[in-house]
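As a plain string of letters, each chain reads:
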Amino acid sequence: DGSVACWGNNEHGQAPPDGVEGDFVAIAAGGVHSLALRRNGSVACYGYNGSGQAPPDGVEGDFVAIAAGGNHSLALRRNGNIAC
């Protein structure tokens with residue numbers, strides 16, 4: 001149904017135990033943050049944002065892929081450019 005199920009350590013809000021409802025097509029997990037790519041191309045972000053890796057309001061854009069590292073996040077735009 002496009003929602004995300006989460007479990008494990010949620011100390012920073014990176015894995016909400018009730019999951020996240022939405023129309024998601026991909027997910028990525030970093031050190032203490034998580035990303036979810038919506039069908040419309042925007043990115044939802046959860047968890048720790050101390051290095052700007054998970055903006056609480058998410059990231060608008062026409063993204064087709066996402067990746068998360070320990071303290072950083074990347075997203076591939078439909079036009080082939082990378083946002084980080």
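You'll find the structure just up there.
Residues numbered from 1 in each chain as written. Predicted model: local features only at pLDDT ≥ 70, side-chain atom pairs only at ≥ 80, totals over all residues. Heavy atoms only, no water.

Considering the layout of surface pockets
Under the convention used in this document: Cavities and pockets are defined on a 1 Å grid built over the protein atoms alone: a cavity is a set of grid points where a 1.4 Å probe fits but cannot escape, while a pocket is an open set with protein on both sides within 12 Å along at least five of seven lines, and lining residues are those with an atom within 4 Å of any such point. Grid points are joined across faces, edges and corners, and a volume is the space filled by probe spheres set on the points. Secondary structure elements follow DSSP: runs of H or I of four or more residues count as helices, runs of E of two or more count as strands, with numbering from the N terminus. Polar here means any residue outside two lists: the nonpolar Ala, Val, Leu, Ile, Met, Phe, Trp, Tyr, Cys and Pro, and the charged Asp, Glu, Lys and Arg; Gly therefore counts as polar.
Its boundaries defined by the atoms lining it, the largest pocket holds a volume of some 300 Å³. If you list the elements that add at least two residues to the lining of the largest pocket, you get strand S1 (24–29) and strand S2 (33–38). Of the residues forming the lining of the largest pocket, the biggest block, 4 residues, is contributed by S2. Tallied by class, residues from the lining of the largest pocket come to 14 nonpolar, 6 polar and no charged. Approximately 170 Å³ is the volume attributed to the second largest pocket. Around the second largest pocket, the lining comprises 14 residues; the ones closest to its centre are Val59, Ser73, Leu74, Ala75 and Ala83. Put simply, the parts of the chain that give the lining of the second largest pocket at least two residues each are strand S3 (43–47), strand S4 (63–68) and strand S5 (73–77).

Some details on the sheet that holds strand S6 (residues 82–83)
What counts is decided by this rule: Pairing between strands is defined by DSSP: at least two bridges between the two strands are required.
Taken in spatial order, the 3 strands line up as S4-S5-S6 in an open sheet, and their pairing is antiparallel. In this open sheet, the two edge strands, each paired with only one partner strand, are S4 and S6.

Some points on a nonpolar patch on the surface
We apply this condition: To count toward a patch, a residue needs a relative accessible area over 30% and no salt bridge; like charges are then connected within 9 Å, while nonpolar side chains (Val, Leu, Ile, Met, Phe, Trp, Tyr) are connected within 5 Å. With residues, only the protein chains shown are counted as cover, and all accessible areas are computed by Shrake-Rupley using a 1.4 Å probe. For this analysis, a salt bridge means a side-chain nitrogen from Lys or Arg found within 4 Å of a carboxyl oxygen belonging to Asp or Glu. Note on classification: 1.4 Å probe, protein chains only; a residue is buried when its accessible area is under 20% of the maximum for its type, exposed when over 50%, partly exposed between these limits.
A surface patch of nonpolar side chains, about 320 Å² in accessible area, is lined by Val64, Leu74, Leu76 and Ile82. Summarising the element assignment, Ile82 is placed in strand S6. Residue classification places Ile82 among the exposed positions, given a relative accessible area of 59%.

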